[in-house]
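Geometric and topological summary
Here are the chains, one letter per residue:
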Amino acid sequence: MIDLRSDTITRPTEAMLESMREASYGDDSRDGDETVMQLEALAAERTGKAAGAFMPSGTMTNLVAVLAHAQRGGEVLLEASAHILVSEIGGIAGLASMFHRAVPGKRGAMDVDALREKIRPMTRNNLGTALVCMETSHNQAGGAVLPLAHMKAVNTLAHEHGVPVHTDGARLFNAVVALGVDAKQIAQYTDSIGFCVSKGLSAPVGSVLCGTEKFIERARTFRRMVGGNMRQAGPLAAAGILALNTMVDRLKDDHAAAKRLAEGLHRIDASLVDPNDVETNLVRVDLVASKRNAAQWSAELERKGVRVSPASATTLRFVTQRHVGNTEVDYAISAFSSLWQKG
Ligand SMILES: Cc1ncc(COP(=O)(O)O)c(C=O)c1O
């Protein structure tokens, strides 16, 4: 089976498994754990923030960031297809008591003029903007990376209105590699940022939320409230440290594999995907020119040994990751091609 459903299926490296065996077993919720603290310090250093807090998931870093930044009942402004909006089960409403307003965007980047129109203070008639969120790389936008100039414009606008900014950087390091910058250069345009070590970076579990010391202290309280204190998380943090120290540069291989896949599919039919849209490791394939829907395509590809996820009724999502090389990509292209011939 060639698994192109997600980069979350990556297995830990041998070095990670070794470091997990040797990690400390302090109680992170009581006296702290040495390895967790090392990972948090490394994450803070990489993002240019003062502090970090290790959490079980990207979803939790987003939820805790919203809880820690925002007054209950305020409005969160975010791009209409943001992961927080479409894939986190309404947690910011159901658990953080926040209202949201979606801002239209292109390739995951909010229309800054539309954001300017929506951002507003609390009055008798308005809830008021409590937080602005960005996402890079952007999942629903096929792994698109926010240009730094866009992040700067959003950050400046929000701060002019006294509104903090959080960035969902679940795949921050894919954006780092695509832009050829340090994580700090991205994170300078956001008050807080969360990233996952569990995706293309190959650690089994975990995300780190980074921000000021005061913000992270507050975040730790909310992390406990939502059940995110992991106690003896040393082994998970040990894998996370190796993820940051050894697995970032190789993400360029995943990006090259995604580009190769997009080019191969584009050769089958140009309407499927524009390879120029593929900036990182996600490839969204548009099936409107096909007679079959995404669920049928994914079932038929599975029968040929290729696993992909339907992203909508007419869209498939292919994700490249460490266990997929050129051979697997070429096989996936030929499997797709043989099905395409059938109409
Ligand atoms: C952009 C984005 N944010 C957040 C998440 C949530 O991460 P987790 O699955 O660790 O909760 C994901 C997961 O794919 C994601 O793509």
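See above for the structure.
Below is a short write-up of the structure. In this numbering scheme, every chain counts its residues from 1 along its sequence in written order. pLDDT decides what is reported in this predicted model: residues at 70 or higher carry local features, side-chain atom pairs at 80 or more are listed and counted, and totals for whole chains, interfaces and linings draw on all residues regardless. Side-chain measures were taken over the full set of non-hydrogen atoms in the model, leaving aside hydrogen atoms and water.

A tally of regular secondary structure across the protein gives 14 helices and 14 strands. Our radius of gyration looks at C-alpha atoms and nothing else; its globule reference is 2.2 Å times the residue count to the power 0.38. For 343 residues, the compact-globule estimate of 2.2 N^0.38 gives 20 Å, and the protein sits close to it at 20 Å. Each of the three principal axes of the protein carries a C-alpha extent, and together these read 60 × 55 × 35 Å. Contacts are assigned to residue pairs with any non-hydrogen atoms lying within 4.5 Å of each other. Within the protein, counting contacts between residues at least 6 apart in sequence, those at least 24 apart form 74% of the total. Per-residue and other accessible areas were derived by the Shrake-Rupley procedure at a 1.4 Å probe size, with only the shown protein chains allowed to occlude residues. Surface summary for the protein: the accessible area is close to 14,500 Å², and the carbon and sulfur share equals 50%. Going along the chain from the N terminus, every DSSP run of H or I of four or more residues is numbered as a helix, and every run of E of two or more is numbered as a strand.

Another point: the pattern of salt bridges. By salt bridge we mean one thing: a side-chain nitrogen of Lys or Arg within 4 Å of a carboxyl oxygen of Asp or Glu. Applying the stated criterion across every chain yields a total of 17 salt bridges. Among the salt bridges present, the one from Glu18 reaches Arg21, with a minimum N-O distance of 2.8 Å. With Glu18 and Arg21 both in helix α1 (residues 14–22), this residue pair falls three residues apart, about one helical turn. Working definition: with a 1.4 Å probe on protein chains only, accessible area under 20% of the residue-type maximum means buried, over 50% means exposed, and in between means partly exposed. Classification of Glu18 as partly exposed rests on a relative accessible area of 37%. A salt bridge links Asp113 to Arg116; the nearest nitrogen and oxygen atoms lie 2.8 Å apart. Residue Asp113 and its partner Arg116 are located together in helix α6 (residues 112–118), separated by three residues, close to a single helical turn. When its relative accessible area of 44% is taken as the criterion, Arg116 is described as partly exposed. Taken together, the shared-partner salt bridges in this structure form one network comprising Asp27, Arg30 and Arg231.

Take the sheet that holds strand β11 (residues 282–286) next. Pairing between two strands is assigned when DSSP locates at least 2 bridges connecting them. Pairing within the open sheet is antiparallel, and its three strands lie in the order β11-β14-β13. Whereas interior strands pair on both sides, the edge strands pair on one side only; in this sheet they are β11 and β13 (309–312). Along the sheet, successive strands turn relative to each other by an average axial angle of 35 degrees, direction set aside. Under this scheme, a helix contributes an axis fitted over its contacting stretch, all axes are lines through C-alpha atoms, and angles between N-to-C directions fall in the 0 to 180 degree range. Packed onto the sheet, helix α12 (residues 251–268) meets β11 and β14 (315–319) and runs at close to 15 degrees relative to β11.

Spatial strand order, β2-β10-β9-β8-β7-β3-β4: seven strands in an open sheet with mixed pairing. Where the open sheet ends on each side, the last strands, each with one partner, are β2 (51–55) and β4 (99–103). Pairwise comparison of adjacent strand axes, ignoring direction, gives a mean angle of 20 degrees for this sheet. By the bridge criterion, four bridges tie strand β9 (residues 192–196) to strand β10 (residues 207–211) in an arrangement that is antiparallel. Within β10, the residue paired with Gly194 across the bridge is Leu209. Each of β2, β9 and β10 touches helix α10 (residues 213–225); the most contacted strand, β2, lies at about 20 degrees to it.

Another aspect to go through is the nonpolar core. The nonpolar core is taken to be a set of buried Ala, Val, Leu, Ile, Met, Phe, Trp, Tyr and Cys residues, with the residues joined through side-chain atoms within 4.5 Å. Counting residues in each nonpolar core, the largest one holds 51 residues, and the members touching the most others are Leu115, Val132, Leu172, Phe173, Ile186, Phe195 and Leu201. The biggest single contributor to this core is helix α11 (residues 234–246), with six residues. Excluding residues within four positions of it along the chain, Leu172 makes contact with Thr47, Thr136, Ala183, Ile186, Ile193 and Phe195. Ranked by size, the runner-up nonpolar core spans 29 residues in total, among them Leu287, Leu316, Phe318 and Trp340.

To continue, consider the environment of Gly32. As for its placement among the helices and strands, Gly32 is situated in the loop between α1 and α2 (34–47). As a C-alpha pair, Gly32 and Gln321 span 289 residues in sequence and 33 Å in three-dimensional space. When near neighbours in sequence (up to four residues on either side) are disregarded, Gly32 contacts Gly26, Asp27 and Met37.

Lining the immediate surroundings of the ligand are Ser57, Gly58, Thr59, Asn62, His83, Glu88, Glu135, Asn139, Asp168, Ala170, Arg171 and Lys199. Contacts to the ligand include Gly58, whose backbone N or O atom sits 2.8 Å from an oxygen atom. Pairs of N or O atoms are called polar contacts if they sit within 3.5 Å, as long as, within protein, a hydrogen donor faces a hydrogen acceptor (for residues adjacent in sequence, only side-chain-to-side-chain pairs). Within the side chain of Arg171, one N or O atom sits 2.9 Å away from an oxygen atom of the ligand. A per-element tally of the shell around the ligand places helix α3 (residues 58–69) first, with three residues. Distances are taken per atom, and a residue is near a molecule or strand as soon as one of its heavy atoms is within 4 Å of it.

This brings us to α11. An α-helical turn contains 3.6 residues, so any two residues separated by three or four positions project in the same direction. With 13 residues, α11 extends 18 Å from end C-alpha to end C-alpha; this agrees with the ideal 18 Å at 1.5 Å per step. In terms of burial, α11 is a largely internal element, ten of the 13 residues being buried. Among the residues making up α11, those that are buried are Gly234, Pro235, Ala237, Ala238, Ala239, Gly240, Ile241, Leu242, Ala243 and Leu244. The span one expects for a helix is its residue count, reduced by one, times 1.5 Å.

Attention now goes to the side chain of Glu135. Here Glu135 is to be found in strand β7 (residues 129–135). Note on charges: Lys and Arg go in the positive column, Asp and Glu in the negative column, and His and the chain ends are not counted at all. For Glu135, which is buried and forms no salt bridge, the nearest opposite charge comes from Arg171, at a distance of 6.5 Å. Of note is the side chain of Glu135, whose polar atom sits 2.6 Å from the backbone nitrogen of His83. Ignoring any residue separated from it by four or fewer positions in sequence, one finds Glu135 in contact with Ala82, His83, Ile84, Gln140, Leu146, Thr167 and Asp168.

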